[in-house]
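# Commentary on secondary and tertiary structure
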Number of protein chains: 2
Amino acid sequence: MGKSMLDVVVDCDGFPYYNDDPEHYKAHMQGFHTFRVQGCDAVLGYMLNEIAERFSSFTNKLASDDFAKDYWYIDSTARTITLATAVDTGPEDRSRVVAYTLAKMKEEGVFDVLRGWRDELYPVYGRGGKLLLEIERSACPLFGVVSYGIHMTGYVKDKNGLRIWVPKRSEKKQTFPGMYDNTVGGGMSTKEYPFECALREAEEEASLSRKVMEAKTTPVSCLSYIYVRDKKAGGETGLIQPEVEYIYDIELDADTIPKPNDSEVQEFHLLTVDQVRTALWEGKFKANCGIVVVDFLIRHGILTGENEPGYVDMLTRMHRRLEFPTASHVVS
Amino acid sequence: MGKSMLDVVVDCDGFPYYNDDPEHYKAHMQGFHTFRVQGCDAVLGYMLNEIAERFSSFTNKLASDDFAKDYWYIDSTARTITLATAVDTGPEDRSRVVAYTLAKMKEEGVFDVLRGWRDELYPVYGRGGKLLLEIERSACPLFGVVSYGIHMTGYVKDKNGLRIWVPKRSEKKQTFPGMYDNTVGGGMSTKEYPFECALREAEEEASLSRKVMEAKTTPVSCLSYIYVRDKKAGGETGLIQPEVEYIYDIELDADTIPKPNDSEVQEFHLLTVDQVRTALWEGKFKANCGIVVVDFLIRHGILTGENEPGYVDMLTRMHRRLEFPTASHVVS
């Protein structure tokens, strides 16, 4: 036996907590700049100092008539990086400055994570769930802003007991190649609702039809955590990635077999609970997928306070209260 | 419509969070002494300053040869109250000092909450889940130490949809009289395991047999929060009560009818989901029971991120990371 279930959770939620040790927390925070947008008083993300320094020396070198020149204000004493667009600027104009800057940075190879450019925009929200701007997906960990996604566990419950559909990621994926994933999972782009995202990803990743999804899916929870990127995530390490993941369960008949419909997944396995536990112990799951499996095993009565050390600790870390504004996804 | 579901959760978890507003949090903490035990470096609870002052003036007035005289060290500058028994004292001897002191305080009417004396001992744990001492149940909120309990929701799922067994507390209960409760709920005493406690309470409060319990109960989660006591809780207000509650679901046949077996519960109602929601809006549930119902409605797909504002916020508050050591209840 390798990792405990609590280790699996800490692999996904590795950022320190103030109340665990205030002095350590304060010292740790010295390593980050806070990301802000002019006109919003909330902190939107944490950027590693060394990233902020590289960011700053890049923007300092921009020509004086460069479009982005005056929009970035980096204060290395207060440790802030501010998108200094006018207070009344709208999301589109803010996003334009960010997109322009990041495209230049990608071109000049300033940051490794930008090699994984996705051409997908992720939203950043201010207080009250107000959309402030959009950022290229691969750049979100540079700013340490919250991203949103959905994860769904497909399972079969029959005479063979409870089994879970676990896909193996393609060895060619740029992030977490060859690792175990959740049955369906993916990031929510701006204006997308959780179930809409689940429908899209279920079709793409597992060939699960809208009909099956609408009949059998249950929204069951929401996990939140701050992931600290390591080597397996690709690019610079130590970047932080706060995430909010809407969680779904789908009970499938044994004859509904998920099939990969894109290149992300290599193959699906229908694993017993014991096999899933072993895979968790062996660290085979992608970090934020392991936590979803742990939550599933808790909700289904398999991991309990009487059989799993660190049970309370696991539950609190999987539902971390983020210090950044988060979106509302209520359908109006 | 009165309360939002988030209001219901905040009624149960009303203590501020550092990261929501560090300055406000620090100012708020000025109102508390930290409770410590000599030989353990962890903070075990928060005691309101005014409680600490009353505590201090009581112990100061003890005769110089009084048994408890030298065991309490209250520092109003550092704002600490320390049980100053020798470092190598065992739980029994620490508990003896506490019991003796509290019995005298009860006798002299020092604290209102002690009028609700229960003659039940609750455990206080140090680092690594080590038992440090036991405290009379009604006195726990004075010290602000973590208490442990179980809550179980009994439900029926049939052609009439999902319905929940909701008991109404007796009008004669000293705390939260006449309010709605969970199907089964109760506090765990020292050395009791969660399911053992659930069995005992299910028999006492709902006449559910061990056989039914063992066949149909699923452990599904654990909630944690810091409750700030208000008038309905009885006694002094503003005392804090951090709690860890192990959560169970039990699906019952429509013909298994819970019956009160003690004087705590007046009667059981089988409420539809809409009736339960209305009761939550109307603030009819006891604070920490409302949160259990909200968690149930989330896990069963009724409250979702798409229909309930504050969904993410609710989930993080219901799984609050406590800054005090907590027990492990793993059965060895």
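Residues numbered from 1 in each chain as written. Chains lettered and ligands numbered in written order. Predicted model: local features only at pLDDT ≥ 70, side-chain atom pairs only at ≥ 80, totals over all residues. Heavy atoms only, no water.

An unreviewed UniProt entry lists chain A under the name Nudix hydrolase domain-containing protein, with Elaphomyces granulatus given as the organism.

### Some remarks on the pairing of strand S9 (residues 184–187) of chain B
Residue and element names in this part refer to chain B. Here is the rule we go by: Three labels apply to residues, based on accessible area from a 1.4 Å probe with only protein chains included: buried if under 20% of the type maximum, exposed if over 50%, partly exposed otherwise in between. By the criteria applied, helices consist of DSSP H or I runs no shorter than four residues and strands consist of E runs no shorter than two, each listed in order from the N terminus. The pairing criterion for strands is at least two bridges between them, as found by DSSP.
Of the two faces of S9, the one carrying Val-184 and Gly-186 and the one carrying Gly-185 and Gly-187 are both buried. The pairing of strand S7 (residues 147–158) with S9 spans four bridges and is antiparallel. For Met-152, the partnering residue across the bridge sits in S9 and is Val-184.

### Thoughts on the domain arrangement of chain A
Residues and elements named next belong to chain A. Heads up, the rule is: For the purposes of this description, domain bounds are those given by an automatic or database domain assignment. Contacts between residues were defined by any pair of non-hydrogen atoms, one from each residue, lying within 4.5 Å. For any pair of parts, buried area is found by adding up, for both, the accessible area (1.4 Å probe) each one loses once the two are put together. A carboxyl oxygen of Asp or Glu within 4 Å of a side-chain nitrogen of Lys or Arg is what we treat as a salt bridge. Distance and chemistry together define a polar contact, namely a pair of N or O atoms within 3.5 Å, with one atom able to donate a hydrogen and the other to accept it when in protein, and with adjacent residues in sequence counting only for side-chain atoms on both sides. Polar here means any residue outside two lists: the nonpolar Ala, Val, Leu, Ile, Met, Phe, Trp, Tyr, Cys and Pro, and the charged Asp, Glu, Lys and Arg; Gly therefore counts as polar.
Here the domain parsing of chain A yields domain 1 (5–13 + 147–318) and domain 2 (31–140). Inter-centroid distance (C-alpha atoms) of domain 1 to domain 2 is 30 Å. Domain 1 puts 15 residues into the contact, and the matching count from domain 2 is 18 residues. A buried area of about 1300 Å², summed over both sides, lies between domain 1 and domain 2, and 60% of it is on carbon and sulfur atoms. On the domain 1 side of the interface with domain 2, the three residues burying the most area are Thr-190, Glu-236 and Ile-240, jointly 40% of the side's total. Linking domain 1 with domain 2 are one salt bridge, by the criterion used here. For Arg-54, the salt bridge is made with Glu-236, and the minimal N-O distance between the two is 3.3 Å. Taken together, the links from domain 1 to domain 2 amount to four residue pairs in polar contact (both at pLDDT 80 or more). Its residues assigned to classes, the side of domain 1 that touches domain 2 comprises four nonpolar, nine polar and two charged.

### Observations concerning the interface of chain A and chain B
Taken together, the 41 residues of chain A in the interface contact 41 residues of chain B. Of the roughly 3300 Å² buried at the junction of chain A and chain B (both faces included), carbon and sulfur atoms supply 58%. On the chain A side of the contact with chain B, Glu-306, Val-312 and Arg-321 of chain A bury the most area, a combined 23% of that side's loss. Taken together, the connections running from chain A to chain B amount to four salt bridges. In this structure, Arg-321 of chain A and Asp-313 of chain B form a salt bridge, with 2.5 Å as the shortest nitrogen-oxygen distance. At the surface where chain A touches chain B, the tally comes to 18 residue pairs in polar contact (both at pLDDT 80 or more). Taken together, the elements giving at least two residues each to the side of chain A that touches chain B come down to helix H6 (194–206), strand S10 (217–228), strand S11 (240–251), helix H9 (287–299) and helix H10 (311–318) of chain A. Among the residues making up the side of chain A that touches chain B, the classes are represented as 19 nonpolar, twelve polar and ten charged.

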